[in-house]
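Breakdown of the fold
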Amino acid sequence: MAASIVGVSAAAIVPYSWYCMVLFVVSTIFLFTKFSPRDKLDEASAKVAEKAAEPKPAKALDTL
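Residues numbered from 1 in each chain as written. Predicted model: local features only at pLDDT ≥ 70, side-chain atom pairs only at ≥ 80, totals over all residues. Heavy atoms only, no water.

1. Some words on the confidence of the model for the protein chain
Formally: Known as pLDDT, the predictor's per-residue confidence is scaled from 0 to 100. Helix and strand assignments follow DSSP, with helices taken as H or I runs no shorter than four residues and strands as E runs no shorter than two, numbered in order from the N terminus.
In the predicted model, the protein chain carries a mean pLDDT of 76, and 70% of its residues have values of at least 70. Averaged pLDDT values over the elements of the protein chain bottom out at 70 in helix α4 (residues 38–53) and peak at 89 in helix α3 (residues 18–31).

This is how it looks when you write it as structure tokens:
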């Protein structure tokens, strides 16, 4: 769309669209390294599930 507005071919814009390419590379590296939040999310969801499964103590009625 940008190419048609300016009047150039779409292939002429590709070398200047470096942001998308860099974002793809950085995102891929991030997801496959130790900085990935996947492990942290798994641990957090396991803790939430354990806490939800714990029985809650009954409230004392003699606090009146």
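On we go.
2. Some words on a nonpolar patch on the surface
Let me state the cut-off plainly: Patch definition: residues above 30% relative accessible area lacking any salt bridge, with like charges linked at up to 9 Å and the nonpolar side chains Val, Leu, Ile, Met, Phe, Trp and Tyr linked at up to 5 Å. Here the accessible surface of atoms and residues is derived via Shrake-Rupley with a 1.4 Å probe, and residues count as covered only by protein chains that are part of the display. Throughout this description, the term salt bridge denotes a Lys or Arg side-chain nitrogen within 4 Å of a carboxyl oxygen of Asp or Glu.
Taken together, the side chains of M1, I5, V6, V8 and I13 define a hydrophobic patch exposed on the protein surface, amounting to about 550 Å² of accessible area. For I13, the location among the structural elements is in helix α2 (residues 10–13).

3. What about the packing of aromatic side chains?
Let me state the cut-off plainly: Any Phe, Tyr or Trp ring, taking Trp's six-membered ring, that has another such ring centre within 6.5 Å forms a pair; planes under 30 degrees apart are called stacked, those over 60 apart edge-to-face, and the others tilted. Burial here depends on accessible area, computed with a 1.4 Å probe over protein chains only, as a share of the maximum for the residue type. Under 20% is buried, over 50% is exposed, and the range in between is partly exposed.
One pass over the structure, following the stated rule, counts one aromatic pair. Seen from their ring centres, W18 and Y19 are 6.5 Å apart, and the 75° between their planes marks the pair as edge-to-face. You'll find W18 and Y19 in the same group, each marked exposed.

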